[in-house]
Amino acid sequence: MTNTVFCQKHKKTLEALDRAPFPGPKGQQILETISKQAWAEWQDHQTRLINEKHLNLMDPATRKYLQTEMDKFFAGEDYDKAEGYIPTSD
């Protein structure tokens with residue numbers, strides 16, 4: 001039986017993450033409120049942001065920026081998009 005969670009992003013019950021994505025209270029909050037599907041979508045979006053904006057993950061300001069954008073992404077707020085990204089049509 002798979003664990004489920006009421007996903008904050010998709011506003012429905014979906015498969016839960018297997019473990020917290022990082023340590024601490026924020027990781028626990030994500031584990032309890034974000035689905036595996038929404039986390040995968042964030043990972044894809046985060047990768048696009050890093051690549052298109054040429055972000056340096058060693059820079060604390062970059063990590064703070066990504067944290068802020070992640071919070072917006074999951075809350076359904078307006079978040080930054082990768083300017084050069086053109087989605088493929090299926």
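This text gives an overview of the structure that appears in the document. (Residues numbered from 1 in each chain as written. Predicted model: local features only at pLDDT ≥ 70, side-chain atom pairs only at ≥ 80, totals over all residues. Heavy atoms only, no water.)

**Here's the deal with the packing of helix 2 (residues 36-52) against helix 3 (residues 60-75)**
Move 1: With their axes 11 Å apart at the nearest point, helix 2 and helix 3 run at an angle of 140° to one another. The angle between helix 2 and helix 3 places the two elements in the oblique class. When the axes of helix 2 and helix 3 are compared, the crossing they make is right-handed. Within the contact between the two elements, helix 2 uses Ala-38, Trp-39, Glu-41, Trp-42, His-45, Gln-46, Leu-49 and Ile-50 and helix 3 uses Tyr-65, Leu-66, Glu-69, Met-70, Phe-73 and Phe-74.
Move 2: Class assignment of the residues belonging to the contact of helix 2 with helix 3 gives a composition of 10 nonpolar, two polar and two charged. (Axes fitted to C-alpha atoms, helices over the stretch in contact; angles between N-to-C directions. Helix = DSSP H or I, 4+ residues; strand = E, 2+ residues; numbered from the N terminus. Parallel < 35°, antiparallel > 145°, perpendicular 65-115°, else oblique. Left-handed = near helix turned anticlockwise from the far one by under 90°. Contact = heavy atoms within 4.5 Å. Nonpolar A, V, L, I, M, F, W, Y, C, P; charged D, E, K, R; others polar.)

**Some points on the pairing of strand 2 (residues 12-15)**
Move 1: The pairing of strand 1 (residues 4-7) with strand 2 spans four bridges and is classified as antiparallel. Bridging across to strand 2, Val-5 finds its partner in Leu-14.
Move 2: The antiparallel pairing of strand 1 with strand 2 creates a hairpin that spans four residues between the two strands, and Lys-11 there sits at a positive phi of about 55°. (Pairing = 2+ DSSP bridges.)

**Focus: the pattern of salt bridges**
Move 1: What the rule picks out here adds up to five salt bridges.
Move 2: Among the salt bridges present, the one from Glu-15 reaches Lys-36, with a minimum N-O distance of 3.1 Å. Here Lys-36 lies in helix 2 and Glu-15 lies in strand 2, a separation of 21 residues in the sequence.
Move 3: Taking the relative accessible area as the measure of exposure, Lys-36 reaches 29% and is therefore partly exposed.
Move 4: For Asp-71, the salt bridge is made with Lys-26, and the minimal N-O distance between the two is 2.8 Å. With a gap of 45 residues between them, Asp-71 in helix 3 and Lys-26 in helix 1 (residues 24-33) connect regions that are remote in the sequence.
Move 5: Overall, the relative accessible area of 31% leaves Asp-71 in the partly exposed class.
Move 6: Each of Glu-15, Asp-18 and Lys-36 takes part in a single network of salt bridges with overlapping partners. (Salt bridge = Lys/Arg side-chain N within 4 Å of Asp/Glu carboxyl O. Buried < 20%, exposed > 50% of the residue type's maximum accessible area, 1.4 Å probe, protein only.)

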